[in-house]
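# Breakdown of the fold
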Amino acid sequence: GNAFADTLVLNADAALDVKSGKLIRPATVVVEDNTIVSVSRTNRKAHPQDATVIDLAGHTLLPGLFDMHVHLTGDAQVHGYKRLQRTAPRSAITGVRNAKRTLAAGFTSVRNLGAPGYADLALRDAIYDGDVPGPRIFASGPALGITGGHCDNNLFTHEHKVVATGVADGPWAVRQKVRENIKYGVDVIKFCATGGVLSKGTKVGAQQYSFEEMQALVAEVHLRGLTVAAHAHGTDGIKSAVRAGVDSVEHVSFLDDEAIALAKKHGTYFSMDIYNTEYILSEGEKAGILPESLDKERKVGGMQRASFSKAVKAGVNMVFGSDGGVYPHGQNGKQFSRMVKFGMNELQALQAATINSATLLKMQDTLGSLEPGKLADIIAVPGNPLEDIQVMESVTLVIKDGKVEVDTRQ
Ligand code: ARG
């Protein structure tokens, strides 16, 4: 070890190796500055005397969690027409609170898929600069979409001439829009490949963007070395997006065998927000969700869960994506128990939220598991999540980049 480094020693009941599924127990994880230097069976003599030692009896250590689909600048209590009162600066400030809640829930990395006015980039940079606490954000800026599609804003009449920032029609306009988002600093591109639940006047089952447009979009993104996420509920849109080569499909509500086979062949990741439906149907009306959207949700929720079970069984690459911001930020961990209920074992659910997500982000060499040399993003939960997945809703300690960000133990 480096004699001048800040050393942190975590002694816990166990640490999970998410790759093998094995528990190391009891476990000692040693961190120097922002890097994990060892993960081993407890050896209390191995660390220097000036180290900070944290005793985590009764706890299991895990890598920091990833949520591959959030909207930190959006609020669950503010939907539909209520959202029109939210400017981009106001949303950025809301994002500060939401980032803190998300981090406290154990999510040290998130992909923010869609934010008006590039408010997500401002939040990302403020967190990186240390102005406010929050997860590492991989941000998309405004999502791309067709005129009148799920990623446009359809709440006004033609007299208002409102068009969302990410709207682009035709292969070259789409390429130009990708270039514009990259110019302003996005990490990832998001586009809408079908209609959606929460948008006005769109059909969840109907494809948006022609295959030709999707091919151009994906080619442009990959040319520039970024990854691309496609919002898609309907089967045709899912298949077109997978064939066009997207890195992940979001929602994935209506699957058939061919769509599953295509995803397996292309190595596409599915990011399925299966907790979301519970909040939308119970609290959505109060929050301003349109009646037509509640109708759509009643058709989508059950189908999406059945599709999730099929995809898991078939062995499709799965990540954890929850659409936080539709439901309240900080409740992300609730989705783990639903993932287990609808077909994953506990380890698969944890892998979706760690190593699989890190791999989708092409960060698997630096994040996603507790291994020497990786960045010290570490959480502790009170119990063994392989036996009781619900402990994932009670994260007590959060370390990001070697720094203790949250510690709620008495
Ligand atoms: N943002 C998504 C949409 O509007 C939310 C879908 C939520 N419903 C669900 N069952 N996952 O389409």
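In the block above lies the structure referred to throughout.
The model shown is predicted, which means the values in this text are computed figures rather than measured ones. (Residues numbered from 1 in each chain as written. Predicted model: local features only at pLDDT ≥ 70, side-chain atom pairs only at ≥ 80, totals over all residues. Heavy atoms only, no water.)

Our focus in this paragraph is the site of the ligand. Neighbouring the ligand are 16 residues, the closest being V197, L198, H233, E297 and D323. In this structure, an oxygen atom belonging to the ligand sits 2.7 Å away from a side-chain N or O atom of H233. Those elements giving two or more residues to the shell around the ligand turn out to be α7 (276-287) and α8 (291-314). For the shell around the ligand, the leading source of residues is α8, giving four residues. Looking at the shell around the ligand residue by residue, the class counts come to four nonpolar, nine polar and three charged. (Near = heavy atom within 4 Å. Polar contact = N/O pair within 3.5 Å; in protein donor to acceptor, adjacent residues only side chain to side chain. Helix = DSSP H or I, 4+ residues; strand = E, 2+ residues; numbered from the N terminus. Nonpolar A, V, L, I, M, F, W, Y, C, P; charged D, E, K, R; others polar.)

To describe two helices that pack against each other, one gives the angle between their axes and the distance between the axes. It is the contact of helix α3 (residues 171-183) with helix α4 (residues 211-223), at a shortest axis distance of 8 Å, that shows an interaxial angle of 30 degrees. Between α3 and α4, the interaxial angle falls into the category roughly parallel. When you trace α3 past α4, the crossing you get is right-handed. Contacts from P171, V174, R175, V178 and R179 in α3 reach E212, E213, A216, L217, A219, E220 and V221 in α4. Split by residue class, the contact of α3 with α4 holds seven nonpolar, no polar and five charged. (Axes fitted to C-alpha atoms, helices over the stretch in contact; angles between N-to-C directions. Parallel < 35°, antiparallel > 145°, perpendicular 65-115°, else oblique. Left-handed = near helix turned anticlockwise from the far one by under 90°. Contact = heavy atoms within 4.5 Å.)

Take the sheet that holds strand β10 (residues 227-232) next. Taken together, five strands build an open sheet; the order of strands is β9-β10-β11-β12-β13 and the sheet is parallel. This sheet does not close on itself; its edge strands, each paired only once, are β9 (188-192) and β13 (317-319). Shown here is a sheet whose adjacent strand axes are inclined to one another by a mean of 25 degrees, direction ignored. Examined bridge by bridge, strand β12 (residues 269-271) and β13 share three bridges and lie parallel to one another. Bridging across to β13, Y269 finds its partner in N317. Contacts from α4 reach β9 and β10 within the one sheet, and its direction differs from that of β10 by about 150 degrees. (Pairing = 2+ DSSP bridges.)

Paired through their backbone hydrogen bonds, the strands of a sheet run either parallel or antiparallel. Reading across from one edge, β6-β7-β8 is the order of the three strands in this open sheet, with parallel pairing throughout. Looking at strand neighbours, the two that pair on one side only are β6 (65-70) and β8 (136-139), the edges of this open sheet. Within the sheet, the average angular offset between the axes of one strand and its neighbour, ignoring direction, is 15 degrees. Examined bridge by bridge, strand β7 (residues 107-112) and β8 share four bridges and lie parallel to one another. Along β8, the bridge assignment pairs S109 with R136.

Attention now goes to the side chain of T60. On the secondary structure map, T60 appears in strand β5 (residues 52-63). By relative accessible area, T60 is classed as buried at 3%. Reaching out from T60, the side chain makes a polar contact with the backbone oxygen of G383 at a distance of 2.5 Å. With residues near it in sequence (within four places) discarded, T60 still touches A14, L16, L23, I379, A380, V381, G383, N384 and P385. (Buried < 20%, exposed > 50% of the residue type's maximum accessible area, 1.4 Å probe, protein only.)

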